[in-house]
Amino acid sequence: MESRRSDSSSGIAEHGAKVQTRFGSTPDLPMDERDRDLLQRQRELENLDADSKVHWEMIKKLTVCGVAFLNDAYDMFAINIVSMILGFVYFSDATGTARNTVPKKWDTLIKIAAQIGCLIGQVVLGRLGDKISRTTVYAASLMIALITTVASAFSNDMVKGFNVFIVLFIWRVLLGFGIGGDYPLTATIVSEYSNTRNRGKMIAAVFSFQGFGNLLAPVVGLILTACFRGAIDDDVLNLDYVWRLIIGLGCIPGVATLYWRLTMEDSKRFQLEVAKAATADADDEMQREKLLAKGAFHDEETAAGGVVQPIVPAQPQRRAKTFVQYFSEWRHLKVLLGTSLSWFALDVAFYGINLNTSVVIGAIGFAGDIVNDSPAKYIMRNCLGSIIINMLGSVPGYWIAVFTIEKLG
């Protein structure tokens, strides 16, 4: 089963074994620096995996990461319910089939906003997580998400030509930026805290919380609409409170885990890499100082009429480029390409469906008649349809993967 995993340490271990065999039988051939780096990296990862046993601290960190995915999924896909409600609030006076329905341009705008932000946040915050600290940037991404969630809940018309949909779009792009940081950092943190024996199960378990976030959005929408049903029947504009509460309540999971996000420590793997980088930087600085000292000495010789010897600059110390080394081999690169392209194809359908579930449910007639039925009844039926879809589809699907990933590969 280990041979079927695309784990970097096992791949490096395999390569290291080949290097040992290759050079062990031919002592006259020198081991190049690339192979020494890989062998050293192999031993370091093996030692860390031996110490990576499941304990309370690890469970707590994995739970925090899981709640982060739940919160992200809720924030992203609650807009599916919110957009439907906005139709009743802002377009109840429209005529014909346009009544109670958000126009396509505004509906699309507010639904893709978070995904635009996610795309940028994944690149920017993911890179900062490598440069600064995983947990520091992880906490910052949560703070961005919390602030922008509250701001989204208070979106309103501002000036002429700057309506509620444009304001909501802006805040949700910023919200997506914070969520985008969660995606790469959560996966990396979980991977670094887990060992090779249960890494697949741990990552799948954390991602499975996304299913609960998808489910929670229509549940909250159903409960709030039921609570406001009398007021909504009296005045449909009371739905304005409902959609703002649906968005605003997305802060609760984040606030509940804020303390642990702020106090979480980086993994031993990351701390090891930071220590190695600091040592390499110190060596580079020492080489630069020596080079400057030699330059000053030769300047004095030149002034005294002495013979000047050419200065050979110190060769920069080669650092282990594990990613480049590992994926420079096609057998590893094809796994990366196959995984990433499959995930891309999945997300096209995943986000397309989850952002438009209310549209699909309305189109098949399960929710009723959007024009003639009461708003509260239509919204509650639509939320119920979303709950059924998630309970029968995504939620069990996630957990089937969790319990079979290590067995089936």
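Structure shown above.
Conventions used here
Residues numbered from 1 in each chain as written. Predicted model: local features only at pLDDT ≥ 70, side-chain atom pairs only at ≥ 80, totals over all residues. Heavy atoms only, no water. Helix = DSSP H or I, 4+ residues; strand = E, 2+ residues; numbered from the N terminus. Buried < 20%, exposed > 50% of the residue type's maximum accessible area, 1.4 Å probe, protein only. Contact = heavy atoms within 4.5 Å. Areas by Shrake-Rupley, 256 points an atom, 1.4 Å probe, with all protein chains shown as cover. Polar contact = N/O pair within 3.5 Å; in protein donor to acceptor, adjacent residues only side chain to side chain. 1 Å grid on protein atoms, 1.4 Å probe; cavity = no way out; pocket = protein on both sides within 12 Å on 5 of 7 lines; lining within 4 Å. Points joined across faces, edges and corners; volume = space filled by probe spheres on them. Nonpolar A, V, L, I, M, F, W, Y, C, P; charged D, E, K, R; others polar. Salt bridge = Lys/Arg side-chain N within 4 Å of Asp/Glu carboxyl O. Axes fitted to C-alpha atoms, helices over the stretch in contact; angles between N-to-C directions. Parallel < 35°, antiparallel > 145°, perpendicular 65-115°, else oblique. Left-handed = near helix turned anticlockwise from the far one by under 90°.

A. Region of interest: the overall build of the chain. Per the secondary structure count, the chain includes 17 helices and zero strands. Counting every position in the chain, which comprises 409 residues, the buried fraction comes to 43%. Counting contacts in the chain only where the partners sit at least 6 residues apart, residues at least 24 apart contribute 79% of the total. With an accessible surface of roughly 21,400 Å², the chain has 66% of that area assigned to carbon and sulfur atoms.

B. Quick look at the side chain of T186. Mapped onto the elements, T186 comes out in helix α6 (residues 164-193). Residue classification places T186 among the buried positions, given a relative accessible area of 0%. A polar atom in the side chain of T186 sits 2.7 Å from the backbone oxygen of D182. Excluding anything up to four places from it in sequence, T186 contacts C65, A68, F69, Y138 and V206.

C. Focus on empty space enclosed by the protein. By the definition in use, this model includes four cavities of 30 Å³ or more. Counted as a void, the largest cavity has a volume near 70 Å³. For the lining of the largest cavity, the elements supplying multiple residues, two or more each, are α3 (56-90), α7 (199-227) and α16 (375-392). Across the lining of the largest cavity, the residue classes break down as four nonpolar, six polar and no charged.

D. Quick peek at the environment of F77. Looking at where F77 falls in the secondary structure, it is placed in helix α3. For F77, a relative accessible area of 4% gives the class buried. In this structure the C-alpha to C-alpha distance between F77 and N214, which are 137 residues apart in sequence, comes to 6.4 Å. For F77, the residues in contact, after removing those within four places along its chain, are N214, A217, F350, Y351, N354 and L355.

E. Looking closely at the pattern of salt bridges. Tallied over the full model, the rule gives six salt bridges. The residue E192 makes a salt bridge to R134 at a minimum N-O spacing of 2.8 Å. Note that E192 is positioned in helix α6 and R134 in helix α5 (residues 134-153), a separation of 58 residues in sequence. In this structure R134 comes out as buried when scored by relative accessible area, which is 10%. A salt bridge links D182 to R261; its shortest N-O distance comes to 2.9 Å. Of this pair, D182 sits in helix α6 while R261 sits in helix α11 (residues 258-263), and the two are 79 residues apart along the sequence. R261 shares its class with D182; the two are buried. Counted as one network, the salt bridges with shared partners bring together D130, R134 and E192.

F. View of the packing of α3 against helix α14 (residues 330-354). Direction vectors running N to C along α3 and α14 enclose 45°, while the axes themselves pass 9 Å from each other. Overall, the two elements α3 and α14 adopt an arrangement that is oblique. Of the residues in α14, those in contact with M76, F77 and N80 of α3 are F350, Y351 and N354. A breakdown of the residues in the contact of α3 with α14 according to their chemical character gives four nonpolar, two polar and no charged.

G. Representation of the packing of α3 against helix α4 (residues 104-131) in the model. In contact at an axis separation of 9 Å, α3 and α4 are set at 165° when each is read in the N-to-C sense. As judged from the angle between their axes, α3 and α4 are roughly antiparallel. Handedness of the α3/α4 crossing: right-handed. Residue-level contacts link M76, I79, S83 and L86 of α3 to D107, I110, K111, A114, Q115 and C118 of α4. In the contact of α3 with α4, the residues fall into six nonpolar, two polar and two charged.

H. Quick look at unusual backbone geometry. Even without being glycine, N100 reaches a positive phi, approximately 65°. Considering the arrangement of structural elements, one finds N100 in the loop between α3 and α4. N100 gets classed as buried once you look at its relative accessible area, which sits at 5%.

I. Broad picture of the environment of K111. Position of K111 relative to the elements: it lies in helix α4. The exposure class of K111 is buried, given its relative accessible area of 4%. Separated by 31 residues in the primary sequence, K111 and N80 have C-alpha atoms spaced 7.3 Å apart. Ignoring any residue separated from it by four or fewer positions in sequence, one finds K111 in contact with I79, S83, L355, N356 and V359. For K111, the side chain forms a polar contact with the side chain of N356, separated by 3.1 Å.

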